[in-house]
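# Coordinates in review
For reference, the chains in residue letters:
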Amino acid sequence: MAYRSFRSFLDALDQAGELKRIAVPVDTDLLIAEWADREMKSPGGGKAVLFEQPVIDGKKSEFPVAINTMGSHRRMALALKVTDIEDVAREIQLILKAKPPTDLREGWNLFKQGIHLLHARPKSVRDAPCQEVVHRIENGGDFSLDHLPVLKCWPKDGGRFITLANVHTLDPESGARNVGLYRMQVYDRHTTGMHWQLHKVGARHGKRYYERGERMPVAVTLGGDPVYTFAATAPLPDGLDELLFAGFLRRKSIELVRCKTIDLEVPADVDFVLEGYVQPDELRPEGPFGDHTGYYTAIEDYPVFHLTAITHRRDAVYPTTIVGIPPMEDYYIGDACVRIFLPVFKMNFPEIVDMTLPAEGVFHNLVFVSIRKQYPYQAFKVMHGLWGMGQMMFSKYIVVVDEDCDVHNTSEVLCANTDPARDTTVIKNPSDSLDHAPSEQNIGSHMGFDATRKLPGENYHRQWPELLKMTDEARALVDTLQAQAR
Ligand SMILES: Cc1cc2nc3c(=O)[nH]c(=O)nc-3n(C[C@H](O)[C@H](O)[C@H](O)COP(=O)(O)O)c2cc1C
Ligand SMILES: [Mn+2]
């Protein structure tokens, strides 16, 4: 099921007619970003683009740049090697609901799931494509971050940013691994910023090391099976290893290799590994950066990543993305997360029927959720539950509707059902570090809209009107008439 390499994923995109190859030289300073932005804003997310001759400071790069590789529903499914993201959701639902089998068919299904879970466990290898070429910084040499075709994305960005960095760290107490996608601003040949925000697991791991006064080993991988990057963005609970999840998704154990200069393991098939460390008490201004909110995020202090080695495949491709005013590639990544984790939400809140984070909401600003309502104030219960679940804490506005409303059809999510004073609630919660609107960073207010039909006991003392619906008979007759008129 799995891709052998990032290049084989690009080949699959090519065969599916989802890849444009650009043979002319294009500058990594703004031009690739502008080109990619046009592609991302084309209907349905455009195509993935492989820039075969990126230009860095007037020189041709040794490595091509791939961008927008997950930026459509189809490419996101191709990245996970499924025909439909819903297939993954169904499998997760089966596992969550697994009961002792009562017949042969159920037994067989359970057996197959067991095999998929078995694949979740990574295994260790000694030889790795990602270490075909090894540059140890202590040995000197010319090779450095300057040789990677890292993009400057927006005119007022503070520099070049690595945007699809899979950042691998360990909890020094439990030994648990985490992989998060955090951007890295290139400061010079051997140092970058490490933009793990306050609420993220990498930041928590860092705090543990700093409290002990220890240097923190950090490995950053780029490329490989695209499922790694997807898993690194997924809002998994702290303590759940992204590589286990990736192994489960791709149905094949991930092969891990030990880094050359730090005590960490990384997937053997990735394109690049940046080995290095973050040390206690060292912060440096990071930014500005044209962010997924559509605004520049201001300069702020973040930890510094010091490089100890760069290893790479001989045929490495540099994967990247840009963020900005939606719709962008990250919308499709986020949407796939919501689809895949819907069964988990449903397990916690059985009344949930469907849920979506529309692109206009810039990720977690806006959530539409439909429920099968049974009792008064159930919509408020669901909102509070969601606000308490991991990164759902950032949801600025949650709109709860009845099950007959299709949350994916924005014109159905009517607000006609609400009387604002009665049907809204405003709460205090942590807010996204990148959100510039709250008066103070990292804290803010969130609003919930109960747009469900009001039940007795919800302070509605009138007769709830009936929703317009044509008769089945009239619909069938017009179907026939229209077919004849064609
Ligand atoms: C394109 C893209 C860029 C991102 N950049 C950052 C970033 O710079 N800092 C950050 O904290 N989260 C960033 N995220 C979000 C995290 O990857 C996401 O919250 C992830 O679940 C964090 O994993 P963790 O819970 O293991 O820390 C980004 C997500 C995407 C899709
Ligand atoms: Mn995590």
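Here we summarise the structure given alongside this text.

Inspection of the secondary structure puts V278 in strand β17 (residues 272–278). Note: C-alpha distance between V278 and E214 (64 residues apart in sequence) is 9.3 Å. Each residue touching V278, except ones within four places of it in the same chain, is listed here: M194, W196, Y210, R215, M216, V218, P303, V304 and F305.

Spatially, β2-β4-β5 is the arrangement adopted by the three strands of the open sheet, whose pairing is mixed. Either end of the sheet is taken by a strand with one partner, and the two such strands are β2 (26–27) and β5 (59–60).

What follows is about the environment of H312. Relative to the elements of secondary structure, H312 occurs in strand β21 (residues 300–312). The buried category is assigned to H312, whose relative accessible area is 2%. Through-space distance from the C-alpha of H312 to that of P129 is 7.5 Å; in sequence the pair is 183 residues apart. Those residues in contact with H312, other than ones at most four positions away along the chain, are E62, F63, P129, C130, Q131, E132, V133, H135, F143, D271 and F272.

What surrounds ligand 1 is a group of 18 residues, the closest being N178, L181, Y182, H195 and Q391. Within the contact set of ligand 1, a nitrogen atom lies 2.7 Å away from a backbone nitrogen or oxygen of H195. When ligand 1 sits alone it has 640 Å² of accessible area, and the protein chains cover 89% of it. It is strand β11 (residues 177–181) that provides the largest number of residues to the shell around ligand 1, a total of four residues. When its residues are assigned to classes, the shell around ligand 1 shows eight nonpolar, seven polar and three charged.

Looking now at the coordination of the manganese ion (ligand 2). Distances from the manganese ion (ligand 2) to its protein donors, namely N178 (OD1) and E242 (OE), fall within the range 2.1 to 2.2 Å. Separated by 64 residues along the polypeptide, N178 in strand β11 and E242 in helix α8 (residues 242–250) bring together distant segments of the chain. The same class applies to N178 and to E242, which are both buried.

What follows is about helix α6 (residues 201–212). Look at α6: 17 Å from first C-alpha to last across 12 residues, which is about the 16 Å you get at 1.5 Å a residue. Taken from the residues just after α6, G213 is the one with a positive phi, measuring 70°.

With mixed pairing, the four strands of this open sheet are ordered in space as β1-β3-β6-β22. Lying at the two open borders of the sheet, with one neighbouring strand each, are β1 (19–22) and β22 (318–320). The average undirected angle you get between the axes of adjacent strands in this sheet is 20°. Of the pairings in the sheet, the one linking strand β3 (residues 48–51) to strand β6 (residues 65–67) comprises three bridges and is antiparallel in character. Among the inter-strand pairings, F51 is bridged to a residue of β6, identified as V65. Running at roughly 110° to β1, helix α1 (residues 6–15) makes contact with β1, β3, β6 and β22 of the sheet. Lying over the sheet, helix α2 (residues 31–40) contacts β1, β3 and β6, oriented at roughly 160° with respect to β3.

So, how was this worked out
Residues numbered from 1 in each chain as written. Chains lettered and ligands numbered in written order. Predicted model: local features only at pLDDT ≥ 70, side-chain atom pairs only at ≥ 80, totals over all residues. Heavy atoms only, no water. Helix = DSSP H or I, 4+ residues; strand = E, 2+ residues; numbered from the N terminus. Contact = heavy atoms within 4.5 Å. Pairing = 2+ DSSP bridges. Buried < 20%, exposed > 50% of the residue type's maximum accessible area, 1.4 Å probe, protein only. Near = heavy atom within 4 Å. Polar contact = N/O pair within 3.5 Å; in protein donor to acceptor, adjacent residues only side chain to side chain. Areas by Shrake-Rupley, 256 points an atom, 1.4 Å probe, with all protein chains shown as cover. Nonpolar A, V, L, I, M, F, W, Y, C, P; charged D, E, K, R; others polar. Donors = N, O, S within 2.8 Å, 3.2 Å for Na, K, Ca; no water. Expected span 1.5 Å × (residues − 1). Axes fitted to C-alpha atoms, helices over the stretch in contact; angles between N-to-C directions.

Any functional reading would require information beyond the geometric quantities listed.
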